[in-house]
Structure formats: structure tokens, C-alpha cells
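The residues making up each chain are set out below.
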Amino acid sequence: MSADKRVCLAYSGGLDTSTILKWLILEGYTVVAFLADVGQIEDFAAVEKKALALGAERMIIENLQQEFVDELIFPAIQCNAIYEDRYLLGTSLARPVIARAQVRTAHKYNCKILSHGCTGKGNDQVRFELAWKACDPSLSVIAPWRIPAFFNRFQGRQDLLKFAAENGIPVSSTPKAPWSQDDNLAHCSYESGILEKPDIPAPKTIWTRTVDPLDAPDVPTKFSVTFRAGLPVKLQVEGGETVTGSLELFKALNDIAGRNGVGRIDIVESRFIGLKSRGAYDSPALTVLRLAHIDIEGMTVDSKVKQITAWIGNQWSQCLYNGMYFSPERELLENSILFSQKHVHGTVDMMVYKGAAHVLSRSAPESNLYSEEQASMDTLEGFSPEDTTGFIAIQAIRLEKYGAAKIKQGEPLTRSS
């Protein structure tokens, strides 16, 4: 068949993408199904069996876990990435590696079209398609949930189930959870369905990567994280294991923090397309490592540089959330981040307990920014209190002018508001 009728479909094995797979075949397309392994809990053999039974030419499952950690998760830690002060970008971080790998699969199997099952209201349609256009502008896209003939036909779950029954699409006998979730190494997200009512607490049963903090162990778990150039390179658990590989370290911290109930948030965020949405997320390892990294930067990064890198981290986070990973601005920001992390070496001692992560102490012997002697209140060695008089006088020049002007204007600053 002509490459113009060959589609590489992002396939999860769920009802939506199974319907899309069969619909594409009925429309005359040959489908190569693609699924990325980014650390989600999944029966990959069952997904492959289902795709082939529905008529896919082949099912490609690619393990991207190492690539995900090294190229997206760890850079996010280096820049303390966060969106709207709350969201640690778990879903956003996974999309570039998935999208890039899907393009590679399309090239390998001579597909000229890419397709996905993202809804027309979400962020993921933007993230995938912007990534695809950057990775290979020659490929075209079929987005069924934006095609009138498709979304008018399938207006709800009952329409999908009817199509499944008519076309031999297996449907799980397990009742569908009244919310959707997306799982990967960085987090698991939960949204839509009953979670669309932001004034109602999320059910206790939704969380998959963290235990309820109230049910967490009554004894804290202590450990240390060592950083080189801003990257976690060693995890030492008190009385236990030492882990050094990036993927293994991240998985170990997911387990430690998760069983101690660390990393849950329930928020309302601003989607890139302009809508507000409620999401619940549990990101155990990412929560701990971000806190540890912020702490070691306090010992190793100049104060003015920290002000600039805070802005850079925010811009990098915006790029990831909005699907602009494959952009010149993200590349510029990331190179700036790498430069800022050249001397971020040290170890942070931590504790996780009942839903909270705590920094206990830190050390950075290669950095000269912190001096115990200079900071001590018990010695004046290397510091003259008299110098502070001049420092205050210089800093006060503009404030004195401001205060005098307010008095002249009849608005003295001594007056309470």
C-alpha cells in the first residue's frame, strides 16, 4: 500500500484508541500501532495482542524509560521545573520522548501520517502535534476527535461501546473508573469525570503511586542524595541500599517516597488552549528530588545567578507545558541551565514521613560560597562591622529621597494604611 495511506497511531489499548484503530482501517488505512513504555503500569503483551487482533499491521512497543529520565526528568530537576507554582509537569515531560519515538517509528515503517486519540479540549493534542511538526514537517496528522464525521458519530461512551460490539473490539468487563488517568515514571495524573467538580474532594481510591499519608509508616525513612552538576548521581538509604544509576535511582525514590505518602497534589490549572481544568497528581520521586536540588543550590549557586535561573526555570516549564520542547527558546534555556549547574555538587540528607519530605542537612565541600566562619555570630574574623555602616548608607540614598517626597506630598510613610 502507498505510504500516503499508512498511519502510525499512538495506541494505548483502551476503548478510544481501539475505536480509532478500527475506524482508520475501515477508512482504508494501514495502521502501525505504537506504544511507548515510559514506566507506566501496563500489560504490554495484552495491548499488542489486541492491536493485532483488530487489524494493525504491527504493534511497536519501545522502552523509553532511560531516555525519559536522562533527557527530560533530570533536566527538569536541574531547573527546578514547576508550572503555576504547583504542577511538576509529569505528563508534559513524557510527551517529547513519546512524540519523537513515534516519528522514528513512522520513518522506519514508511508511514506518512501520524495519529493520536487526544481530545479536542486537552493539552496533549498540542504537545504531540507541535513535536511532530518540528521532528518531521513532511508528515501529516489525523486527529479523529477534531474530525466532525468522527466526533459527531461518537458523542459519548455508549456510542463507542456500540461500535466496539459491532466490530469485535474487546471491552474490559471491569467497570471503567469515573475519571481518566495517565501514568509514567514521573507521576500519575487523574482528571475528568467526577474530578470535574473542583469543590468535591478526590476519592481516596484514585491514587496509584502514593499511599494515603495517614496510612504511611509510623517511622520516617532517612536517606541522602548526592548531586554532580545538578544531577542526582547517588542515593544512600540509611541502613539500606546505595543506588547510582539514573533510572534505578529515580525508581528507588519513587518507591521510598510513594510508600511514605509523599508527592500528592490536587489543583486547578490553566491549560494552554485557554481552559481551566482540575487535576490530581502524585509525583513521589520528582517531589523529593526537586526539594533536594533547590536545597543544594542554596550552598552552591551565587545569589544573583539564582534569581536569573528562577526565571529560566519558569520559562523552561512553560515551554514543556505548552508543547514547545522542540523549539529554539527551549534549547537556549536548557544550555543556560547546564551552564548554571556546572558547580552544583554536594549531598543533601533528607527524611520522608507521613506525606512530607524534609531536608535535614546538606554539605558541599567543593563550594566556597558558604563560610561557617563568616556566617558565625561568635567571631568577627574576616568581617568588620564598621563596613556595614557605609553599606546601609549607600542602600538608603534612594529610600531617603522616597520618604522625603512622600512627606512633601502629604503622605508620610508613618501613616498607617
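Residues numbered from 1 in each chain as written. Predicted model: local features only at pLDDT ≥ 70, side-chain atom pairs only at ≥ 80, totals over all residues. Heavy atoms only, no water.

Caption draft 1: Main features of unusual backbone geometry. The phi angle at Asn110 is positive, at roughly 60°, despite the residue not being glycine. Tracing the sequence through the fold places Asn110 in the loop between α4 (90-108) and β4 (113-115). Take Asn110: its relative accessible area is 43%, and that puts it in the partly exposed class. Positive phi is not limited to glycine here, since Ser192 has a value of about 65°. Mapped onto the secondary structure, Ser192 falls in the loop between β7 (188-191) and β8 (221-228). For Ser192, a relative accessible area of 25% translates into the label partly exposed. (Helix = DSSP H or I, 4+ residues; strand = E, 2+ residues; numbered from the N terminus. Buried < 20%, exposed > 50% of the residue type's maximum accessible area, 1.4 Å probe, protein only.)

Caption draft 2: Representation of the pairing of strand β12 (residues 276-282). Within β12, six of the seven residues are buried, which leaves it mostly tucked inside the rest of the structure. Two elements, β7 and β12, share four bridges in a ladder whose sense is antiparallel. The residue bridging Glu191 from the neighbouring strand is Gly279, located in β12. Pairing of strand β11 (residues 264-270) with β12 involves seven bridges; the strand directions are antiparallel. Note that in β12 the partner of Asp266 across the bridge is Ala280. Here β11 hands over to β12 after five residues, with Gly274 in that stretch at a positive phi of 110°. (Pairing = 2+ DSSP bridges.)

Caption draft 3: Spotlight on the packing of aromatic side chains. Within this structure, the stated rule accounts for 10 aromatic pairs. Ring geometry for Tyr83 against Tyr321: centres 3.7 Å apart, planes inclined by 5°, an arrangement best described as stacked. Of this pair, Tyr83 sits in the loop between α3 (65-78) and α4 while Tyr321 sits in helix α10 (residues 303-321), and the two are 238 residues apart along the sequence. Taken as a pair, Tyr83 and Tyr321 share a single burial class, namely buried. With centroids separated by 4.9 Å and ring planes inclined at 85°, the aromatic side chains of Tyr325 and Phe326 adopt a geometry described as edge-to-face. Put simply, the rings of Trp23, Trp145, Phe150, Phe154 and Phe163 touch in pairs and so form one group of aromatic residues. Residue placement shows Lys5 over the ring face of Tyr29; its charged tip is 3.9 Å from the ring centre. Just above the ring of Tyr321 sits the side chain of Arg127; from NZ or CZ to the centre is 4.8 Å. (Phe/Tyr/Trp six-rings, centres within 6.5 Å; stacked < 30°, edge-to-face > 60°. Lys NZ or Arg CZ within 6 Å of the ring centre and 35° of its normal.)

Caption draft 4: Local environment of the sheet that holds β11. Spatially, β6-β7-β12-β11 is the arrangement adopted by the four strands of the open sheet, whose pairing is antiparallel. Where the open sheet ends on each side, the last strands, each with one partner, are β6 (180-183) and β11. Strand-to-strand twist of the sheet, defined as the mean angle between neighbouring strand axes without regard to direction, takes the value 25°. (Axes fitted to C-alpha atoms, helices over the stretch in contact; angles between N-to-C directions.)

Caption draft 5: How the structure looks around the sheet that holds strand β9 (residues 231-237). Strands sit in the order β10-β9-β8-β13-β14 across an open sheet of five strands; the sheet is antiparallel. One side of each edge strand has no neighbouring strand; the edge strands of this open sheet are β10 (242-243) and β14 (356-363). Examined bridge by bridge, β9 and β10 share two bridges and lie antiparallel to one another. Within β10, the position partnered with Gln236 by the bridge is Thr242. In this fold helix α8 (residues 246-259) packs onto β8, β9, β10 and β13 (346-353), with an angle of close to 50° to the strand it touches most, β9. (Contact = heavy atoms within 4.5 Å.)

Caption draft 6: Examining helix α1 (residues 15-26) more closely. Its 12 residues give α1 an end-to-end C-alpha distance of 16 Å, which sits within 8% of 16 Å, the value for a rise of 1.5 Å per residue. Of all 12 residues that make up α1, nine are buried, and the element is covered over most of its length. Of the positions making up α1, those classed as buried are Leu15, Thr17, Ser18, Thr19, Ile20, Leu21, Lys22, Trp23 and Leu24. Of the residues flanking the end of α1, it is Gly28, one or two places downstream, whose phi is positive at about 100°. (Expected span 1.5 Å × (residues − 1).)

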